[in-house]
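Per-entry structural report
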Amino acid sequence: MKNKQLKTIDIKGKPYVEVNERLKYFRENYKNFCLESDVLEKTATSVMIKATIKDADGNIRATGIAEEIKGTTFINKTSYVENCETSAWGRALANLGIGIDTSVASADEVTTAIEQQNKKPKKRKPISAERFEEAILAISEGKYTHEQLRSSFDLTKEQLKSITAC
């Protein structure tokens, strides 16, 4: 199955078959197959989904696993679960051999990776002792995460040690 049969977009000079195109191809050419999604893990800040493709006899022909973190991209601010399912589908379809002439990763994965490579690190501010204590309380109440704290502020070694011990 060559990408010539499927619509592609250009990502950094390489043709890429988006998941919607893979899915249309799958529905048209694998009529007796099914595509199932299972949530493996969901927390307040992340989700992991496994997509499974089965043939007409129920045999597993391909799988794909994806994980998304809430708020890491514009789409993931509101739709991290849906985005994760689409990524898992794209991986499963790629593992079945649909649209993988140049890449197995989803378009979002490729775009996000390129954006991350091109990003300059944000300058983080130090956090006051009072604000740090408030953040620790918010973490204990499930309103904030350790990762949000680490990525938002320039923590001292002592502060890092104390949240690692939590």
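Worth saying up front: this structure is predicted, and the values here are computed from it rather than measured. Along each chain, numbering runs from 1 in the same order as the chain's sequence is written. Reporting in this predicted model follows two pLDDT cut-offs: at least 70 for local features of residues, and 80 or more for side-chain atom pairs to be given and counted; totals over whole chains, interfaces and linings ignore these cut-offs and use all residues. To get the side-chain values, all heavy atoms of the structure are used, and hydrogens and water are removed first.

On to the packing of helix 1 (residues 19-29) against helix 2 (residues 76-95). Put simply, helix 1 and helix 2 touch, their axes get as near as 9 Å, and they point 55° apart. The angle between the axes of helix 1 and helix 2 places the two elements in the oblique class. For the pair helix 1 and helix 2, the crossing hand works out as left-handed. Within the contact between the two elements, helix 1 uses Val19, Arg22, Leu23 and Phe26 and helix 2 uses Thr86, Trp89, Gly90, Leu93 and Ala94. Split by residue class, the contact of helix 1 with helix 2 holds six nonpolar, two polar and one charged. Here an angle of 0 to 180 degrees is reported between the N-to-C directions of two axes, which are lines fitted to C-alpha atoms, with helices fitted over the stretch in contact. Runs of E in the DSSP output that reach at least two residues are strands. Runs of H or I that reach at least four are helices, and both are numbered from the N terminus. To sort the angles, those under 35 degrees are grouped as roughly parallel, those over 145 as roughly antiparallel, those from 65 to 115 as roughly perpendicular, and the leftovers as oblique. Each helix crossing is assigned a hand: it is left-handed if the near helix lies turned anticlockwise from the far helix by less than a right angle, otherwise right-handed if that turn is clockwise. Any two residues whose heavy atoms approach within 4.5 Å are treated as being in contact. Amino acids outside the nonpolar list (Ala, Val, Leu, Ile, Met, Phe, Trp, Tyr, Cys, Pro) and the charged list (Asp, Glu, Lys, Arg) are all regarded as polar, and Gly is one of them.

Moving on, we get to the pairing of strand 5 (residues 60-69). Only strands joined by at least two bridges in the DSSP assignment are considered to pair. Judged from the nine bridges that link them, strand 4 (residues 46-54) and strand 5 form a sheet pairing that is antiparallel. Its bridge partner being in strand 5, valine 47 is matched across the sheet by glutamate 68. Here strand 4 hands over to strand 5 after five residues, with glycine 58 in that stretch at a positive phi of 85°.

So, on to the pairing of strand 3 (residues 34-42). Relative to strand 4, strand 3 runs antiparallel, the two being bridged by eight bridges. Within strand 4, the residue paired with lysine 42 across the bridge is valine 47. In this structure, the hairpin formed by strand 3 and strand 4 is closed by a connection of three residues.

Whether a residue is buried, partly exposed or exposed follows from its accessible area with a 1.4 Å probe, protein chains only, as a fraction of its type maximum: under 20%, in between, or over 50%, in that order. Residues Val19, Glu21, Arg22, Leu23, Tyr25 and Phe26 constitute the buried set of helix 1. On its buried side, helix 1 packs onto strand 2 (14-16), strand 3, strand 4 and helix 2.

This part is about the nonpolar core. Buried Ala, Val, Leu, Ile, Met, Phe, Trp, Tyr and Cys residues that are joined via side-chain atoms within 4.5 Å together make up what is termed a nonpolar core. In terms of nonpolar packing, the biggest core is built from 21 residues, with Phe26, Tyr30, Leu35, Ile53, Leu93, Leu96 and Ile98 touching the most fellow members. Elements supplying a minimum of two residues to this core: helix 1, strand 4, strand 5 and helix 2. In this view, leucine 96 contacts Phe26, Tyr30, Ile53, Arg61 and Ala62; residues no more than four positions away in its chain are not counted. With 10 residues, the next largest nonpolar core counts Ala135, Ala138, Leu149 and Leu155 among its residues.

Bear in mind that shape data such as this cannot, by itself, settle questions of function.
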